[in-house]
Every structure is written in C-alpha cells, then in structure tokens.
Amino acid sequence: MLIVAYDDAQILDIACPSGALDIANRYGASPPYVIELGTLGRRAARSSAGIVLGAGHGLETVTGRLDTLIVVGGVGFEEASADERLLAQVRRLAGRSRRVASVCTGTYVLAAAGLVDHRRVTTHWGYGEQLAARHPDVAVDVGPLYIRDGNVYTAAGVTSALDLTLSLIEDDHGPTLARAVARELVSYLHRPADQAQISMFLAAPPPGDRLVRDLAGYIAAHLAEDLTPGTLAARAGVSTRHLTRLFTEHLGTTPARAVREARTEAAAHLVRSSRLSLASIARRCGFKSPQTLRQAFLDHYGLGGDTIRKMPDMPRARVASGHKTSLP
C-alpha cells in the first residue's frame, strides 16, 4: 500500500490509514499490509502541523503492481492538484493499482488527474461545492463518510479515513479482523459509509444539560432514523413530558421541532453542496417525501429547494416565534 503525500498534507489523513493497517498486521492480517509513504523525488513532506515525514519511496521510482494507492488531503491540496509532475505519477501509479483511494481534499488530486470523471465521489463537506464546480464531469456527493465507485474509494476527511480503512480491512480479511482493529482503536465498529457528515457541521454552542447535549448529538448523527419524542425519551430514560421540559429550557424548542430543524438544515446543506435529487436528500435526512421536505424549507427559510440551491451562501432561518437554536 502506497500513501501519496506532499507538503502541507493533513497528518491525520496519513496516520489514520497507516495506523489502522499496522494494527491489522499485529492482529494477524495475512498477507500483511506493506505500508509505504511516497513523495515526488522521495523528499520529506512537511505536514500542515509542522511535523516532517520521511518518504520511503520516490513516486517516480515505484514499479510493479500496487495493491492500494491512497492520496491524502490537506491545506496543500491546491498546489498538489496543480502539480503536473505529481498528477502524472498519480495517474501512472493508479493504473498499476488494484484500488485507488483518497482522503478529504485528496479527491481534488484524483479529479485533476482525470481519475474520477463520471464517478461518484465525496470529499470534506466544506470543499464539495468547489470540487463540483471545478470538475463538472465528477459526481460529487458530500453526504456520506466515504464512497466506493468501482475500484475507487473516496473519504470525506480526517477521521473518516479510519472508517474507510476499516472497510478496506473488512473487504480484505473479513469482519472479525476489522472489529478487532476497531476495538484496539477504541473506535466505532465501524461507521457505515452512508452515515452523514452532517453531524460534524450543524454547529452551535452545545446545550448546558448533558442529557440534552447527548440527544442533540444523537439526532444530528441519525437524521434518517426514528426520532419521535417517545423514542428519544426512551433512549434518555426519561418521560416524554420531562424531555419536552428539558428541550424547551435548554434549546428553546420542543424535541419534535428540534428534530425538524436539524433535518431541514442538513437537507439545505445537501441541496447546495451535492447533486443529489430532492427525493434522495429527503430520505437521507429523515423526511417522508420530497413534498414534506419542500414544506419544511418553506416553513424554515421561506424558500424553495431550487432557490436554496442557487444561493451563494446558506440561507438564514426564518424566526416565526420564540428563538431558534440549531443543534450541534
């Protein structure tokens, strides 16, 4: 496995895959993973954190077949995706690889190399709109944590690289080894590919009450699931009446309205940053139908989905009564 790095790469994009694969080897992966870091000219790569990483290979000197090629992301992705020498080597090595993967803005490098035209890919949610505009032949979907399209795998960013790597380990060696690696890493076993990135960016100051804070995080991460007040109350071990009192006190709204706001704001982000149909977005965000989602947009923003998609910035919520609080 060859990990492609460059200056100002995100060190976690390198550490998550390499660390998980190292643990897989210690738990008996057979055949074991051979993990190498490659750069142009075998130069050391300075990560965006300032830590300098030594490369085991110059990309130009790598020959023979590769099992997996991983291109990492980071703040240096603009320079990397404009470097014709790097792109030429990524194209060449991709042709020698059983599978090709990217993490975060590493998808920009794959796109610039022409490796993901007419494929569905993901990247960090904050960069999806720009990627789609720059490469119109690439189907960008910032909803999932990671996506597999044929032999090309793309991960949303940073810790989602771990979810992708656990998936690769499961493909290669089965679920038992993947679970062992996840336990060693004190990680989820493991988050499914289609779990939304949404929970990462519905950001507001967290509520002071721990129960409300925990439920708010659960709502943001499970938008498509049963989030009725009764279900949430049972999860928290309190009565529905007490749950409503807590949400009103700490979020200024009822549990049902909080769920609807979270779903609506997540859907609005996907409308603006992806090419998913309204029906697909409605399903992913927990709405029963596109019509229900359209009504939620009108109630929440006073706008339709087509208008939201064309707006240069996220729309502001329309405050009807009381005060509006987004979930974290």
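An account of the accompanying structure is given in this report. (Residues numbered from 1 in each chain as written. Predicted model: local features only at pLDDT ≥ 70, side-chain atom pairs only at ≥ 80, totals over all residues. Heavy atoms only, no water.)

### Thoughts on empty space enclosed by the protein
This is how it is decided: Cavity means a closed set of points on a 1 Å grid over the protein atoms alone, one where a 1.4 Å probe fits but cannot get out, pocket means an open set with protein on both sides within 12 Å along at least 5 of 7 lines, and lining means a residue has an atom within 4 Å of a point. Grid points are joined across faces, edges and corners, and a volume is the space filled by probe spheres set on the points. Working definition: helices are DSSP H or I runs of at least four residues, strands are E runs of at least two. Numbering for both runs from the N terminus. Gly is placed with the polar residues, together with every amino acid not listed as nonpolar (Ala, Val, Leu, Ile, Met, Phe, Trp, Tyr, Cys and Pro) or charged (Asp, Glu, Lys and Arg).
As enumerated under the stated definition, the model contains one cavity of 30 Å³ or more in all. Estimated volume of the largest cavity: approximately 30 Å³. In terms of lining, the largest cavity is formed by Pro17, Ile70, Ala101, Val103, Ala161, Leu164, Thr165 and Leu168. Residue assignment for the lining of the largest cavity shows that the elements contributing at least two residues are strand 7 (97–103) and helix 6 (160–173). Its residues assigned to classes, the lining of the largest cavity comprises seven nonpolar, one polar and no charged.

### Considerations on the environment of aspartate 8
The following threshold applies: Working definition: with a 1.4 Å probe on protein chains only, accessible area under 20% of the residue-type maximum means buried, over 50% means exposed, and in between means partly exposed. Contacts between residues were defined by any pair of non-hydrogen atoms, one from each residue, lying within 4.5 Å.
Counting through the fold element by element, aspartate 8 comes out in the loop between strand 1 (2–4) and helix 1 (11–26). We classify aspartate 8 as partly exposed; its relative accessible area is 35%. Remark: the alpha-carbon pair of aspartate 8 and glycine 73, spanning 65 residues in sequence, is separated by 8.7 Å. With residues up to four places along the chain from it excluded, the contact list for aspartate 8 reads Arg46, Ser47, Ser48, Gly74, Val75 and Gly76.

### Observations concerning the packing of helix 1 against helix 7 (residues 175–184)
This is how the line gets drawn: Note on geometry: axes are lines fitted to C-alpha atoms, helical ones only across the stretch in contact, with angles between N-to-C directions running from 0 to 180 degrees. A clockwise turn of the near helix away from the far one marks a right-handed crossing, whereas an anticlockwise turn of less than a right angle marks a left-handed crossing.
Where helix 1 meets helix 7, the closest approach of the two axes is 9 Å, and the angle between their N-to-C directions is 115°. Handedness of the helix 1/helix 7 crossing: right-handed. For the pair helix 1 and helix 7, the contacting residues are Ala20, Ile23, Ala24 and Arg26 in the first and Leu177, Val181 and Glu184 in the second. Of the residues assigned to the contact of helix 1 with helix 7, the class counts are five nonpolar, no polar and two charged.

### Quick word on the packing of aromatic side chains
Basically, it comes down to this: In this scheme Phe, Tyr and Trp rings, the latter by its six-membered ring, pair at centre separations within 6.5 Å, and the angle between planes marks the pair as stacked below 30 degrees, edge-to-face above 60, and tilted otherwise. Whether a charge sits over a ring depends on NZ of Lys or CZ of Arg being within 6 Å of the ring centre and within 35 degrees of the ring normal.
Going through the model one piece at a time under the given rule, you end up with three aromatic pairs. Ring centres of phenylalanine 77 and tyrosine 127 lie 5.4 Å apart, and the angle between their planes is 80°; this geometry places the pair in the edge-to-face category. Of the two residues, phenylalanine 77 sits in helix 2 (residues 77–81) while tyrosine 127 sits in the loop between strand 8 (120–121) and helix 5 (128–134), which places them 50 residues apart along the sequence. Geometrically, the ring pair formed by phenylalanine 297 and tyrosine 301 is tilted, given 6.3 Å between the ring centres and 45° between the ring planes. Taken together, the positions of phenylalanine 297 and tyrosine 301, both in helix 13 (residues 290–301) and four residues apart, correspond to about one turn of that helix. What makes phenylalanine 297 buried here is its relative accessible area of 0%. Judged by its relative accessible area of 8%, tyrosine 301 is buried. Ring-pair connections join several aromatic residues into one group, and the members of that group are Phe77, Tyr108 and Tyr127. One residue, arginine 235, lies across the ring of tyrosine 218, its end atom 3.7 Å from the ring centre.

### Let's talk about helix 1
An α-helical turn contains 3.6 residues, so a residue and the one three or four places further along point in the same direction. Note the cut-off: A helix is expected to span 1.5 Å for every residue after the first. Any pair of nitrogen or oxygen atoms within 3.5 Å is treated as a polar contact; in protein, a donor-acceptor pairing is required on top of that, and neighbouring residues in sequence qualify only through side-chain atoms on both sides.
A rise of 1.5 Å per residue sets the reference length of helix 1, with its 16 residues, at 22 Å; its end C-alpha atoms lie 22 Å apart and thus fit the reference within 8%. Of the positions making up helix 1, those classed as buried are Asp13, Ile14, Cys16, Pro17, Ala20, Leu21, Ile23 and Ala24. Its side-chain oxygen 3.1 Å from the backbone nitrogen of leucine 12, glutamine 10 forms the N-cap of helix 1.

### A few points about the pattern of salt bridges
One side chain can pair with another of opposite charge once the charged atoms of both are near each other. The criterion, for reference: Basic side-chain nitrogens of Lys or Arg form a salt bridge, by our definition, when they fall within 4 Å of a carboxyl oxygen of Asp or Glu.
All chains considered together, the criterion is met by 13 salt bridges. Here aspartate 172 ties to arginine 98 by a salt bridge, and the two come within 3.2 Å at their closest N and O atoms. With aspartate 172 in helix 6 and arginine 98 in strand 7, this residue pair connects regions lying 74 residues apart in the sequence. Relative accessible area serves as the criterion here: at 27%, aspartate 172 is assigned to the partly exposed category. Overall, the relative accessible area of 43% leaves arginine 98 in the partly exposed class. With a shortest N-O distance of 3.2 Å, arginine 260 and aspartate 299 are connected by a salt bridge. Here the residue arginine 260 occupies a position in helix 11 (residues 255–273), and aspartate 299 occupies one in helix 13, the gap between them amounting to 39 residues.

### Concerning the pairing of strand 11 (residues 152–155)
Note the cut-off: One bridge is not enough; two strands pair if DSSP finds at least two bridges between them.
Residues Val152 and Thr154 point to one face of strand 11 and Tyr153 and Ala155 to the other, with burial holding for every one of them. Count of turn residues in the strand 10 (residues 146–149)/strand 11 antiparallel hairpin: two residues, of which glycine 150 carries a positive phi of about 65°.

### Topic: the pairing of strand 2 (residues 36–39)
For the record, the criterion: If the strands point away from the viewer and the path from the first strand over the helix to the second runs clockwise, then the crossover is right-handed.
By the bridge criterion, three bridges tie strand 1 to strand 2 in an arrangement that is parallel. From the neighbouring strand, leucine 2 faces strand 2, where its bridge partner is glutamate 36. Viewed along the sheet, the connection from strand 1 through helix 1 into strand 2 turns out right-handed. Direction of pairing for strand 2 relative to strand 5 (residues 57–58): parallel, over a ladder of two bridges. Looking across to strand 5, one finds that glycine 38 is bridged to histidine 57.

### As for unusual backbone geometry
Omega for the bond connecting serine 30 with proline 31 falls within 30 degrees of zero, at 0°, which places this linkage in the cis form. Tracing the backbone shows proline 31 in the loop between helix 1 and strand 2. In the Ramachandran plot, aspartate 8 falls in the positive-phi region, its phi being about 65° despite a non-glycine side chain. Even without being glycine, arginine 42 reaches a positive phi, approximately 60°. One can find arginine 42 in the loop between strand 2 and strand 3 (45–46).

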